[in-house]
Amino acid sequence: MDITLTINFLRKIELFKGLVEPELESVAQNIEIKRYANGSMLFAQDSPRENIYLIFEGEVVLYKKTPWGKEERLAFFGQFDFLGEGSLNDDAPHSTSAKTATDATIMLIHRNYFAKNGNIALKVFSNIARVISRRMRHANNRLVNSAAQYVSGRTRSEHDLLGDREVPYENYYGVQTLRALENFNISGITLNFYPMLIEALAMVKLAAAHANHDLGLISKPVHDAIVQACEEIINGKYHYHFVVDMIQGGAGTSTNMNANEVIANRALEILGHDKGEYNYCHPNNHVNLSQSTNDAYPTSVCIAMYNMNIKLVEVLNTLIGGFKEKAIEFAHVIKMGRTQLQDAVPMTLGQTFEAYAVTLTEEIQRLNQNAQLFLEVNMGATAIGTGICSEPEYSEKVIDHLKQVTGIPIVLAENLVEATSDTGHFVMYSSALKRLAVKLSKISNDLRLLSSGPRCGLHEINLPPMQPGSSIMPGKVNPVIPEVVNQIAFRVIGNDLTVTLAAEAGQLELNVMEPVIVHSLFESIEMLKNGMETLLSRCITGITANEQTCRNYVENSIGLVTALNPYIGYENSTNVAKEALETGRSVYELVLEKKLLSKEELEELLKPENMIKPVKIKR
């Protein structure tokens, strides 16, 4: 590549701001240019930091591997963005991974170059400090986006019903979102915490653009620009600019306008105009055409909820698989079953874990059944369900496009006035989340009881140790993973009450409390998903059985008499139980001493396969 072209490229990257011509030329001469095919790795999580990566052409996705092996996408980077700047001042390995999302041309600068060029390194370090400071100010703890790098101080003037405001030039959102930021600093949880909601908003706007173009309401250039902007958002770009708090007044208007403004300003760039030049593409007149918050927002939520349920069920299925594996592993371990926390009858530890798998399997049907309610949407209802400000064919067309865009069998509600005011589908789904949470909490209670001890509790199983359990008691290890699942369940149960109260608070043709309903449901799903993944990876897979402890409980338990009753008779069983209680001796020992059964017969009866199901009684 021509060195002049390289130098001109470097001038546009903030990392090299302040470098003079000879310094830029020095950097350019030490750049390695590499071309990568789509899907190629730039660096991997936990690998050594070696290079700074400058994107000349193409796109790169930054992601993180979760403890259970899934890829969590963090951000997309494009031309003039850079990655790996931490290699200059940190010897720690990469905390994330990066790979190309398209064919890409990347410029690499090895960290050794800066070690040999102190003056240049000093200026670059200064720029890195500014970048990190901006990221700390603007990035939340869930999402890092390349947009957070650039805060120049430049502004643009926008106006709305209440007057004129200066909006930071780099931001794709506009004046109405700016006001929402000022009005609703409530939960600290913003829209970009939930990528599926942002993607669903973009899907709705994309389908609306298609329908409006079909009806001749927007020109092809504006249509194409809106569609491209929406597709970019669906693919993970610009999520950082969705900044409104999840809990807000206005029935979701701030969320809808945040989406309208981001899409409009990105569409303006695509059309060759500056952000804020809304006469070419307007947030309301073009992006929100034929819509209202009251149909676009709940439709987006329904799409997001449907897709989030799919992810939740995937995680639930994986957890169920983990319990099934333990059921097989512990199928031979005999133990005492308990009712009212008292000894009942023998069973196997495998049966305990199989029961956990079965009880959770039941929840898959409940979740999926209730998620079907999200397929009915009120798109085209506009303000209250009458369809005012939309054309007669709009609803049918937008639903057809939504089906294609989402890949979901969405249908139009039969009565749009009813669908606009009703929130019953949220109540139903929330109840399914609560039921799952209750079951997970009960299982967690069991795990804590079964692992209690190690010397003075049941101690039938060992949970994998995760962290020291006390600041004062040496050697203590707590069941922290089941404990956190219990707490998640309490939160989900509380969220279900919030959803119920908010649904009841609806008045006349609209329920303005939908934002807190949405926030509660999304939080419950996210916490349950994360909790189940943590429970599996940090607890269930590492559980071991204390087989001898389990067997000793069986042999010493009075409850063993119940299992032997069909073979030694009720009178003998009663006498053995009474003597065992009075003397402290075991039922096992007394049965052998009284020659009620031979050792071989007793061992045969205590085999796990004879404990787990009805068997033919030999008299």
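The coordinates are above.
Residues numbered from 1 in each chain as written. Predicted model: local features only at pLDDT ≥ 70, side-chain atom pairs only at ≥ 80, totals over all residues. Heavy atoms only, no water.

A. Region of the structure containing the overall build of the protein chain. On a plain count of helices and strands, the protein chain comes out with 22 helices and 16 strands. Across its three principal directions, the C-alpha atoms of the protein chain cover 100 × 70 × 40 Å. Expressed as a percentage of the 619 residues in the protein chain, the buried residues total 51%. Excluding contacts between residues fewer than 6 apart, the proportion of contacts in the protein chain whose partners are at least 24 apart in sequence is 73%. Of the roughly 28,100 Å² of accessible surface on the protein chain, 53% is carried by carbon and sulfur atoms. Charged side chains of the protein chain number 57 positive and 71 negative; the gap between the two group centres comes to 7 Å. (Helix = DSSP H or I, 4+ residues; strand = E, 2+ residues; numbered from the N terminus. Buried < 20%, exposed > 50% of the residue type's maximum accessible area, 1.4 Å probe, protein only. Contact = heavy atoms within 4.5 Å. Areas by Shrake-Rupley, 256 points an atom, 1.4 Å probe, with all protein chains shown as cover. Lys, Arg positive; Asp, Glu negative; His and termini not counted. Charge placed at Lys NZ, Arg CZ, Asp CG, Glu CD.)

B. Looking closely at the pairing of strand 4 (residues 60-65). By the bridge criterion, 6 bridges tie strand 4 to strand 5 (residues 71-77) in an arrangement that is antiparallel. Paired with V60 across the two strands is F77, which belongs to strand 5. By the bridge criterion, 4 bridges tie strand 4 to strand 7 (residues 97-100) in an arrangement that is antiparallel. Residue V61 lies in a different strand from strand 7, and its bridge partner there is K99. (Pairing = 2+ DSSP bridges.)

C. Structural view of unusual backbone geometry. With an omega of 10 degrees, the peptide bond running from G453 to P454 counts as cis. By secondary structure assignment, the location of P454 is in the loop between helix 14 (424-450) and strand 15 (461-462). Residues other than glycine seldom take positive phi values, yet D46 does so here, at roughly 75 degrees. Looking at the secondary structure, you find D46 in the loop between strand 2 (41-43) and strand 3 (51-57). Although it is not a glycine, L508 adopts a positive phi angle of roughly 55 degrees.

D. Structural context of the packing of helix 7 (residues 220-234) against helix 8 (residues 253-271). Where helix 7 contacts helix 8, the two axes come as close as 8 Å, and the packing angle between them is 120 degrees. It follows that helix 7 is oblique to helix 8 by the angle criterion. Crossing of helix 7 over helix 8 shows right-handed handedness. Residue-level contacts link P221, V222, A225, I226, Q228, A229, C230, E232 and I233 of helix 7 to V262, I263, R266, A267, I270 and L271 of helix 8. A per-class count over the contact of helix 7 with helix 8 returns 12 nonpolar, 1 polar and 2 charged. (Axes fitted to C-alpha atoms, helices over the stretch in contact; angles between N-to-C directions. Parallel < 35°, antiparallel > 145°, perpendicular 65-115°, else oblique. Left-handed = near helix turned anticlockwise from the far one by under 90°. Nonpolar A, V, L, I, M, F, W, Y, C, P; charged D, E, K, R; others polar.)

E. Quick look at the pattern of salt bridges. Evaluation of the coordinates by the stated rule reveals 27 salt bridges. Two residues, R551 and E555, come together in a salt bridge whose shortest N-O distance is 2.9 Å. Of this pair, R551 and E555 both sit in helix 17 (residues 547-556), 4 residues apart, roughly one helical turn. For E555, a relative accessible area of 17% translates into the label buried. K599 is the salt-bridge partner of E603, the closest N and O atoms lying 3.9 Å from each other. Here E603 and its partner K599 are both found in helix 21 (residues 599-605), 4 residues apart, which amounts to about one turn of the helix. Looking at K599, the relative accessible area reads 46%, which means it is partly exposed. If you follow the salt bridges from partner to partner, you end up with E232, R266, E269 and K275 in one network. (Salt bridge = Lys/Arg side-chain N within 4 Å of Asp/Glu carboxyl O.)

F. Geometry of the side chain of S26. Considering the arrangement of structural elements, one finds S26 in helix 2 (residues 21-29). Those residues within four positions of S26 in sequence are excluded, and the remaining contacts are Y113, N117 and I120.

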